Amino acid sequence: MTRIRTAVAAVLVGLALTLVAAAPAAARADKLKLVVAGDGAVGVTIQATYADGRRLDQVVRLTLTAIGPDKQQVGPVQLEPAPEGQGFYSSGPVLSPGTWQVTVNAPAPYGTKTTATVQAQVAQSQPPPTPVALNKPTGGSGAARWWPFAAAGLVLVAAAMGVAMLFGRRRSD
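Before going into details, it helps to say that this report is about the structure given with it. Within any chain, residue numbers begin from 1 and follow the written order of that chain's sequence. The model is predicted, so local features are restricted to residues of pLDDT at least 70 and side-chain atom pairs to those at 80 or more, both for listing and for counting; the totals for chains, interfaces and linings are taken over all residues. To obtain the side-chain values, all non-hydrogen atoms of the structure were included, while hydrogens and water were left out.

1. Side note on the sheet that holds strand β4 (residues 73-78)
Reasoning step 1: Note: two strands are recorded as paired if DSSP finds a minimum of 2 bridges between them. The helix and strand labels rest on DSSP assignments: H or I over at least four residues marks a helix, E over at least two residues marks a strand, and numbering proceeds from the N terminus. Read across the sheet, four strands follow the order β4-β3-β7-β8 without closing on themselves; strand pairing throughout is antiparallel. Looking along the sheet, the strands with just one partner apiece sit at the ends: β4 and β8 (113-120). Direction aside, the axes of adjacent strands within the sheet are offset by 20° on average.
Reasoning step 2: Note: strand β7 (residues 98-105) against β8, eight bridges, orientation antiparallel. The partner of Val102 across the bridge, within β8, is Ala116. Between N-to-C directions, angles cover 0 to 180 degrees, with each direction set by a line fitted to C-alpha atoms, over the stretch in contact for helices.

Okay, here's the thing in structure tokens:
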């Protein structure tokens, strides 16, 4: 009977230690760190991590609101995860050029709110490709002069083989 009691006590102590160790982890998970920045054009990017620096391991429904030049307002806009990786979010083109006060909110249980100043600007496009002129050879280039000599060489080789075959056979009577 004492073995059963010892085993039950060991299981209960293990369970208690597991719960005590998990409690700080659950408390840490309630805080997010949000880094808000412009995307170089008229959008906003957000990087979300846990407050202790761990990568975000689940999708969080962040919302964005912004106040811009002339008191223009945008939002609330629900942000979708970006393809850059876990914890990255992007708004897409939602701002007009100018200086914006952007606020990003994380829902409960996180309850995190971050405000940043973002400079939105017109997206820069790549310059058009420069056209490449295709010039035709004028007056014969090195590539156009060699083929008559190659053809003449092939004819001479074929003729020499034909002559060798005709006169190379000796009849033994």
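2. Quick word on the side chain of Thr49
Reasoning step 1: Residue placement: Thr49 occurs in strand β2 (residues 44-50).
Reasoning step 2: When sequence neighbours within four positions are dropped, the list of residues in contact with Thr49 reads Lys31, Leu32, Lys33, Arg54 and Leu56. Contacts are assigned to residue pairs with any non-hydrogen atoms lying within 4.5 Å of each other.

3. What about the packing of aromatic side chains?
The relation between two aromatic rings is expressed through the spacing of the ring centres and the mutual angle of the planes.
Reasoning step 1: Here a pair means two rings of Phe, Tyr or Trp (six-membered ring of Trp) with centres within 6.5 Å. Their orientation is stacked below 30 degrees between planes, edge-to-face above 60, and tilted elsewhere. The full count for this structure, using the stated rule, is zero aromatic pairs.
Reasoning step 2: Two limits define a charge over a ring: the Lys NZ or Arg CZ must be within 6 Å of the ring centre, and within 35 degrees of the ring normal. When the ring centre of Tyr50 is taken as reference, the NZ or CZ atom of Arg54 above it lies at 4.3 Å.

4. Details of the pairing of strand β1 (residues 32-38)
Reasoning step 1: Direction of pairing for β1 relative to β2: antiparallel, over a ladder of seven bridges. Following the sheet pairing, Lys33 is matched in β2 by Thr49.
Reasoning step 2: The turn linking β1 back onto β2 is made up of five residues, and Gly40 within it adopts a positive phi angle of 90°.

5. Side note on the sheet that holds β1
Reasoning step 1: Strand order in the open sheet formed by four strands is β1-β2-β6-β5, and the pairing between neighbours is antiparallel. In this open sheet, the two strands that pair with only one neighbour each are β1 and β5 (80-81).

6. Regarding the environment of Ser91
Reasoning step 1: Looking at the secondary structure, you find Ser91 in the loop between β6 (88-90) and β7.
Reasoning step 2: As for Ser91 and Gln78, which are separated by 13 residues in sequence, their C-alpha atoms are 8.0 Å apart.
Reasoning step 3: Setting aside anything within four residues of it in sequence, one finds Ser91 in contact with Gly43, Val44, Leu64 and Leu79.
Reasoning step 4: For the purposes of these results, a polar contact is taken to be a pair of N or O atoms within 3.5 Å, where, inside protein, one atom must be able to donate a hydrogen and its partner to accept one; residues adjacent in sequence count only when each atom of the pair is a side-chain atom. A polar contact of 2.8 Å, which involves the side chain of Ser91, links it to the backbone nitrogen of Val44.

7. A look at the side chain of Thr103
Reasoning step 1: Note on placement: Thr103 falls in strand β7.
Reasoning step 2: Burial here depends on accessible area, computed with a 1.4 Å probe over protein chains only, as a share of the maximum for the residue type. Under 20% is buried, over 50% is exposed, and the range in between is partly exposed. In this structure Thr103 comes out as buried when scored by relative accessible area, which is 13%.
Reasoning step 3: At 3.2 Å, the side chain of Thr103 forms a polar contact with the side chain of Thr115.

8. What to know about the pattern of salt bridges
Reasoning step 1: Throughout this description, the term salt bridge denotes a Lys or Arg side-chain nitrogen within 4 Å of a carboxyl oxygen of Asp or Glu. As enumerated under the stated definition, the model contains two salt bridges in all.
Reasoning step 2: Asp52 is paired through a salt bridge with Arg54; the nearest N and O atoms lie 2.9 Å apart.
Reasoning step 3: Measuring nitrogen to oxygen at the nearest pair gives 3.1 Å for the salt bridge that ties Arg61 to Glu80. Residue Arg61 is found in the loop between β2 and β3 (63-67), and its partner Glu80 is found in strand β5; the two are separated by 19 residues along the sequence.
Reasoning step 4: Residue Arg61 is classed as partly exposed on the basis of its relative accessible area, which comes to 40%.

Spatial relationships are all this shows, so hold off on functional conclusions.
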